[in-house]
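# Analysis of the macromolecular model
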Amino acid sequence: MTVHLHWFLPTGGDGRTLVDRHAYASNAVGRRRADGVRAPDIEYLAQIAKAAEQLGFEAVLTPTGTWCEDAWLTTVALAQHTQRLKFLVAFRPGVVSPTLAAQMAATYQRITRGRLLRNVVTGGDSAEQRRFGDHLGHDQRYARTDEFLSVVRGVWSGRPYDFDGSHYRIDGGLTALPPDPLPEIFFGGSSAAAGPVAARHADVYLTWGEPPAQVREKIDWIRSLAEREGRTVHFGIRLHSVSRDSSAAAWSTANRLLDDLDADTITAAQSALGRSESVGQQRMLALHGGSRDELEISPNLWAGVGLVRGGAGTALVGSHAEVADRIEEYHSLGIEHFVLSGYPHLEEAYWFGEGVMPVLAARGLLPRTPEPAPGGPVGGGAPLLVAGGR
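Reading the values: the criteria
- Residues numbered from 1 in each chain as written.
- Predicted model: local features only at pLDDT ≥ 70, side-chain atom pairs only at ≥ 80, totals over all residues.
- Heavy atoms only, no water.
- Pairing = 2+ DSSP bridges.
- Helix = DSSP H or I, 4+ residues; strand = E, 2+ residues; numbered from the N terminus.
- Expected span 1.5 Å × (residues − 1).
- Contact = heavy atoms within 4.5 Å.
- Core = buried A, V, L, I, M, F, W, Y, C linked by side-chain atoms within 4.5 Å.
- Buried < 20%, exposed > 50% of the residue type's maximum accessible area, 1.4 Å probe, protein only.
- Salt bridge = Lys/Arg side-chain N within 4 Å of Asp/Glu carboxyl O.
- Phe/Tyr/Trp six-rings, centres within 6.5 Å; stacked < 30°, edge-to-face > 60°.
- Lys NZ or Arg CZ within 6 Å of the ring centre and 35° of its normal.
- Axes fitted to C-alpha atoms, helices over the stretch in contact; angles between N-to-C directions.
- Parallel < 35°, antiparallel > 145°, perpendicular 65-115°, else oblique.
- Left-handed = near helix turned anticlockwise from the far one by under 90°.
- Nonpolar A, V, L, I, M, F, W, Y, C, P; charged D, E, K, R; others polar.

Relative to strand β8 (residues 169-173), strand β7 (residues 161-164) is paired through three bridges, and the arrangement is antiparallel. Its bridge partner lying in β8, Tyr161 is registered against Gly173. Linking β7 to β8, which pair antiparallel, is a turn of four residues.

On to helix α1 (residues 42-55). With 14 residues, α1 extends 20 Å between its outermost C-alpha atoms, agreeing within 8% with the 20 Å of an ideal straight helix rising 1.5 Å per residue. Contact partners of the buried residues in α1: β1 (4-8), β2 (14-15), β3 (37-38), β4 (59-62), α2 (71-78) and α12 (345-362). With its phi angle positive at about 105°, Gly56 sits one or two positions after the end of α1.

Core analysis: the biggest nonpolar cluster contains 75 residues, and Leu5, Tyr330 and Phe352 have the highest contact counts within it. Leaving out residues up to four positions away in the same chain, Leu5 has contacts with Phe57, Glu58, Ala59, Phe338, Leu340, Phe352, Met357, Leu360 and Leu366.

On to the pattern of salt bridges, then. By the definition in use, this model includes 16 salt bridges. When the shortest N-O distance is used, the salt bridge between Arg200 and Asp146 registers 2.7 Å. A residue pair is termed long-range when its members are at least 10 positions apart, and Arg200 in helix α6 (residues 194-201) and Asp146 in helix α5 (residues 138-155) qualify at 54 residues. Residue Arg200 is classed as partly exposed on the basis of its relative accessible area of 31%. A salt bridge links Arg283 to Glu210, with the nearest nitrogen and oxygen atoms 2.7 Å apart.

Summed over the entire model, instances satisfying the criterion amount to nine aromatic pairs. Note on Trp72 and Phe91: the rings are 6.4 Å apart at their centroids and 55° apart in plane angle, and the pair reads as tilted. Linking Trp72 in helix α2 with Phe91 in strand β5 (residues 86-91), this pair joins segments that are 19 residues apart in sequence. Like Trp72, the residue Phe91 is buried in the burial classification. Taken together, the ring pairs connect Trp72, Phe91, Tyr108, Phe148 and Tyr168 into an aromatic cluster. Seen from the ring of Phe91, Arg118 lies directly overhead, with NZ or CZ sitting 4.2 Å from the centre.

Where α6 meets helix α7 (residues 212-228), the axes come as close as 8 Å, and the angle between the chain directions of the two elements is 55°. Classed by the angle they form, the pair α6 and α7 counts as oblique. The two elements α6 and α7 cross, and the hand of that crossing is right-handed. Across from Gly195, Pro196, Ala198 and Ala199 in α6, the residues of α7 making contact are Trp221, Ile222, Leu225 and Ala226. In terms of residue class, the contact of α6 with α7 is made up of seven nonpolar, one polar and no charged.

Okay, here's the thing in structure tokens:
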């Protein structure tokens, strides 16, 4: 069984630093853009999307939130710059009606000829949710997500659908032209409230990059819940990547990413992240405890990203073969989908695509030759290889 490799679109900006350029500044909207930061304009994002497609990544994840460009609009524009690449579009249940979301997905599939995947983000930060007019508590949000996804699947049937729940009442909901194919639903959540929702609705359960033993526990948990629902769920993991020709070069690059981080920056970030209601976020914070010491929490698994950034806080760091070893290890646990990223995202896509992918292909975990994008061969032109750092 081969793996599915996906990359990331930094729609909140990119650069050669881990410092979050928005979330921890009191005057974030008006503050001067930091040196070396790349704006998330359509030209730059198109470069990343085209590189991901050329290198053989299957899809790109696009985030959602206050500091990102809108995921739906951005990716449907980027679909016009690519031919095969799929878009794993993050969205928040409760911000729009489920019937409208189902219709949007159907339209998206027709515009892109079937290149939509959906990443459900229930939300673990009440302050962020309130910016979008959502005042429900953590567990209530998951209960609403349960109903939301029930309605979405119901109206995709092509027949009028009625639903009467605690959060939604739908009379004759209908997507007149259902999406074809139905987009796969990726879903994450580590809380007791999240697990049953994932078991009932997720096609792919997505976890952040914890050490293998913890990932195994999550897989066993969700798999057992899904079996009770009579369903089979596939599994994915969200990680950063720093892969180089040698292990020493990779670790040097990773450590250089910490150059901008002073104690005050880390303390401010940890304080903000510590207020999150997300169980997954709290698990990320527990991996390093806010300390720069002993950030390699498992072989080739580095928790440095999570010192200042929310969400995925760990990276695979090492030589191309070592990073492939870790992917093979997670795959042996049942992980099929790997959603990867790196700073900057354009250069790191090439490091991974030209370094790790051939190793995975040689081990039978990928097709040996990525399917070329229509209109051009894979690998055309000189590769962009930047050693990293500032």
